[in-house]
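# Reading the structure
Each chain is listed here by its residues.
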Amino acid sequence: MRLLERLGVRLERHDLIPLGVATLASATLLVSIRHPNLVDVDALLHGQLATWGYGDRARYLISWFVTSAVLYLGVPGVFAALTGTTNRLGLGLGDWRSGAKATVALLAVMLPITLVAANQTSFQGAYPLAGTEGFFRANPDGPSTFLLAQFVAYEATYVLYFISWEFLFRGWMVHSIAPSWGVGPAIAVQLLPFVVMHAAKPEAEGFGSILAGLALALLALRTRSMWYGVVLHSVIAVAMDIAVTLRAH
């Protein structure tokens, strides 16, 4: 603190929590990108994922989803416990009436858009992340067999990923930064990495993530909960996977 003051930078005590959150969130995202298989689920299950019919891509993604969950839930949880800010995580239901109404209204708008997008080549090439071929088994005597159990299990880990994703951005970041820096800075700090994480997505989704990041942050702050964002993000993502998979076969 004194060194910063000598450099002409004034840092107040209330800045420490938001700065710690932004710094740790950045490091956590980098680790999850650089080490996506930090938790190797297939190895932990002694190769059972391959036995159950998952290809290399699906096994990689399942480990990535679980790794992200461990990091995105664990790092904020430890930080909140050490700094006494466990009340700044947005884990309650908050204003559930407003949250439910907003969730239904947004789904009514977004689901039709999602189904239309599923007909676009760019989205068909991107979703499901594991590829549609990973959920069908060739049948020499007739149509391919859809591996429903594998698809459901894959989507379950996908939803786990979105729970941890929303917790990181709209739970921990938004609710820990807003009390110290205000609503505007809290929304802005989570928005930048959120959009950058969509850089490799289809272009329409990339630009759409700007509006989504703003809307989900506002919803989380309005309701004091990250769970409505979890429902929105998960339902739309799973709907996209189902729509593309059904269209492919």
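Residues numbered from 1 in each chain as written. Predicted model: local features only at pLDDT ≥ 70, side-chain atom pairs only at ≥ 80, totals over all residues. Heavy atoms only, no water.

Looking now at the layout of surface pockets. The volume enclosed by the largest pocket comes to roughly 1,200 Å³. Along its surface, the largest pocket is lined by 42 residues, and Tyr 127, His 198, Lys 201, Glu 205 and His 233 are the ones closest to its centre. Every element with two or more residues in the lining of the largest pocket is listed here: helix H2 (16-34), helix H5 (56-83), helix H6 (96-117), helix H8 (148-181), helix H9 (183-196), helix H10 (203-223) and helix H11 (227-248). It is H10 that contributes the most residues to the lining of the largest pocket, eight residues altogether. Looking at side-chain class alone, the lining of the largest pocket contains 33 nonpolar, six polar and three charged residues. (1 Å grid on protein atoms, 1.4 Å probe; cavity = no way out; pocket = protein on both sides within 12 Å on 5 of 7 lines; lining within 4 Å. Points joined across faces, edges and corners; volume = space filled by probe spheres on them. Helix = DSSP H or I, 4+ residues; strand = E, 2+ residues; numbered from the N terminus. Nonpolar A, V, L, I, M, F, W, Y, C, P; charged D, E, K, R; others polar.)

As for its placement among the helices and strands, Trp 52 is situated in the loop between helix H4 (48-51) and H5. A C-alpha to C-alpha distance of 9.3 Å links Trp 52 and Ala 149, two positions 97 residues apart in sequence. Ignoring any residue separated from it by four or fewer positions in sequence, one finds Trp 52 in contact with Leu 45, Arg 137 and Gln 150. (Contact = heavy atoms within 4.5 Å.)

That bond from Tyr 127 to Pro 128 is cis: its omega, -15 degrees, falls within 30 degrees of zero. Topologically, Pro 128 is positioned in the loop between helix H7 (121-124) and strand S1 (136-137). Residues other than glycine seldom take positive phi values, yet His 46 does so here, at roughly 55 degrees. Within the element layout of this structure, His 46 appears in the loop between helix H3 (41-44) and H4. Residues other than glycine seldom take positive phi values, yet Arg 224 does so here, at roughly 65 degrees. Note that Arg 224 resides in the loop between H10 and H11.

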